[in-house]
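Structural features, examined
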Amino acid sequence: MASANTSWSEENFSCSICLDVLSSPVTTPCGHNFCRTCITKYWDEQVRYKCPVCNKLFDTRPDLRINTLLSEMVDRFGRSIRVKEQPCVEPGEVPCDVCTGTQLKAVKSCLVCLMSFCQTHLEPHQRVAVLKNHRLVEPMDRLEDRLCKKHERLLELFCKFEQVPVCQFCTETDHKSHPIVPLKEEYEVKMAQLGKIEAEVQQMIREQRNNIQEIKDTVKHSKADADREIADGLHVITTLKRCIEKCQDDLNRMVKERLKSTEKQAEDLIKELEKEIEDLTNRSSEVKQLSHTKDHLNFLQTFRSLKNPPHTRDWKTVEVRPLTYVGTLRKSLDQLEETLNMEMKKLRDAELNRVQQSEVDVTLDPDTAHCCLILSEDGKQVHRGGVVKKLPDNPKRFTKYVCVLTRQSFSSGRFYFEVQVKDKTGWWLGVAKESIDRIGETRWTPETGYWTLHYYKDGLVFRDNPSVHLRLRAELQKVGVFVDYDEGLVSFYDVEARVHIYSATGCIFSEPLYPFLCPGFYHYKTINCEQKKTTNKQPKQLMLFPELKPLL
């Protein structure tokens, strides 16, 4: 009984226009029920007012009022049953194109009507003979985009030649001779390619994230370097300020102490002179008084004690000279200079320690070595021999100058290496770009691709145009070379003395750089690798030079 009652409710509580559960139901004068919105919209589009069910005509537009009883029955039975039977559309699902109230999920799409229907609104396609012939497919969104614009047929095939979807009629006309496959087949092919593309995109994303991280790390390191530089500078400046203040205090104290000593000496001498003046004044009074006496005996007796003046110092031997402060300020400045030198030494140590953190392990490349050079087996030492070796032709080899490069090159970042030069009387070292001329004569300057330090006799020169002559404090034992490729910086250091020698700034690097060595004497003539005979006179043997292995 309950089942029959539920069936009656489902059949009779539906709007004949939208086929959905009645919403705000109203009843026409002929007794049929509709949604208020549906019948109002229906009559708005009609010229004459009639019932959509029985087609009864009305002279005037009926005044519709909500059927309260029916509305309560709908609320009680109809809506709850309808919601239970058919789910509402969820995000990503195809909605029914007919539902006007709560949109339900479409169960089929019609390729003839180009509409999607829920189970209720699909009923006419299952009942009406003409609609039964329509082609129903699984729910699809944007059906109008799935039809061929030319033939108004479903795009079910794919033209591999023009890489476009086509319909069956297209394969018989414009794409007749083209390779055609079903959409599903091409979909599977493209899905496989999409997986590869996705993997490539993910790899690119990872690389870009790595690049971001590298940039962040660079900024972080730069900030740390900047903070350390500021802290070091603040420390030095604070120390110098304290030293200057101390020098000023010491200078004031020394000058004041000397002035006070002089003033004390002068004050004591003045007191002594004033005492002598007082004694002399008293004697003068006694002499004047005696000069008025008439008593011969008293005069003679007193005169005896007055004839000798009071004892006074020989003031000709006493000299009070003006103070001189020559050397006082110099001594204070000497102390300041000593403090400054100590702080400079600390800074030089810190600077060298920082650049040594970029040290690299490099080995000499025999393919670049001049035919007079002898390299150790480990590629860490080179010296000049007395015999011209026959070597195979190699475009990388130096044939005019006695030089050699390392195997390793650098195209970014920072690198540092050290060279032993102890007891050597002449050498060149530094870095050179890859495209340098290794055959003809050239001047080794930055313009030609060389950034080198040259030592000969007692001179030290950075080769440039013009060359920069440098002060040589002591005999060099080991030279450190630091390059910041991105900043365009090449710096040279006296490693043992921990002193900065010279820096070339604003360099422009556009290709790989190689560590460069030349263990030759300044006054030697270069032996060309192409000559056939050697002289009988043995050239002086150049001792081992240099060792390249960076210190740990």
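Residues numbered from 1 in each chain as written. Predicted model: local features only at pLDDT ≥ 70, side-chain atom pairs only at ≥ 80, totals over all residues. Heavy atoms only, no water.

Turning next to the sheet that holds strand β9 (residues 164–166). Pairing within the open sheet is antiparallel, and its three strands lie in the order β9-β8-β10. Edge positions in the open sheet fall to β9 and β10 (180–182), since each of these has one partner strand only. Strand-to-strand twist across the sheet, computed as the mean angle between neighbouring axes with direction ignored, equals 40°. When strand β8 (residues 157–159) meets β9, the two strands line up antiparallel, connected through three bridges. Residue pairing for β9: F158 is matched across the bridge by P165. Against the sheet, helix α6 (residues 183–291) contacts β8, β9 and β10, and its axis sits at roughly 85° relative to β10. (Pairing = 2+ DSSP bridges. Helix = DSSP H or I, 4+ residues; strand = E, 2+ residues; numbered from the N terminus. Axes fitted to C-alpha atoms, helices over the stretch in contact; angles between N-to-C directions. Contact = heavy atoms within 4.5 Å.)

Attention now goes to helix α2 (residues 36–44). Every buried residue of α2 is listed here: C38, I39, Y42 and W43. Along the long axis of α2, the arc covered by the buried residues comes to 125°, so they all point the same way. Summarising the geometry of α2, the exposed residues directed more than 90 degrees from the buried face are T37, K41 and D44. Residues of α2 that are buried sit in contact with β1 (25–27), β2 (33–35), β3 (49–50) and β4 (57–58). (Buried < 20%, exposed > 50% of the residue type's maximum accessible area, 1.4 Å probe, protein only. Arc of directions from axis to C-beta.)

A few words now on the sheet that holds strand β6 (residues 115–117). If you trace the three strands from one edge of the open sheet to the other, you get β6-β5-β7, paired in antiparallel fashion. The open sheet has two edge strands with one neighbour each: β6 and β7 (136–137). As defined by bridge partners, strand β5 (residues 108–110) adjoins β6 across three bridges and the pair is classed as antiparallel. Residue pairing for β6: C110 is matched across the bridge by M115.

All right, on to a nonpolar patch on the surface then. Residues Y187, M191, L194, I197 and V201 make up a contiguous nonpolar surface patch of about 460 Å² in total accessible area. Turning to its location among the elements, L194 is positioned in helix α6. Here L194 falls in the partly exposed class, since its relative accessible area comes to 45%. (Patch = residues over 30% accessible without salt bridge, like charges linked within 9 Å, V, L, I, M, F, W, Y side chains within 5 Å. Areas by Shrake-Rupley, 256 points an atom, 1.4 Å probe, with all protein chains shown as cover. Salt bridge = Lys/Arg side-chain N within 4 Å of Asp/Glu carboxyl O.)

With that settled, the discussion passes to the side chain of D484. With respect to the helices and strands, the residue D484 is situated in strand β19 (residues 478–484). Of note is the side chain of D484, whose polar atom sits 3.1 Å from the side chain of R414. Within polar-contact distance, the side chain of D484 engages the backbone nitrogen of E487 at 3.2 Å. Beyond its immediate stretch of four places on either side in the chain, D484 contacts G413, R414, L489 and F509. (Polar contact = N/O pair within 3.5 Å; in protein donor to acceptor, adjacent residues only side chain to side chain.)

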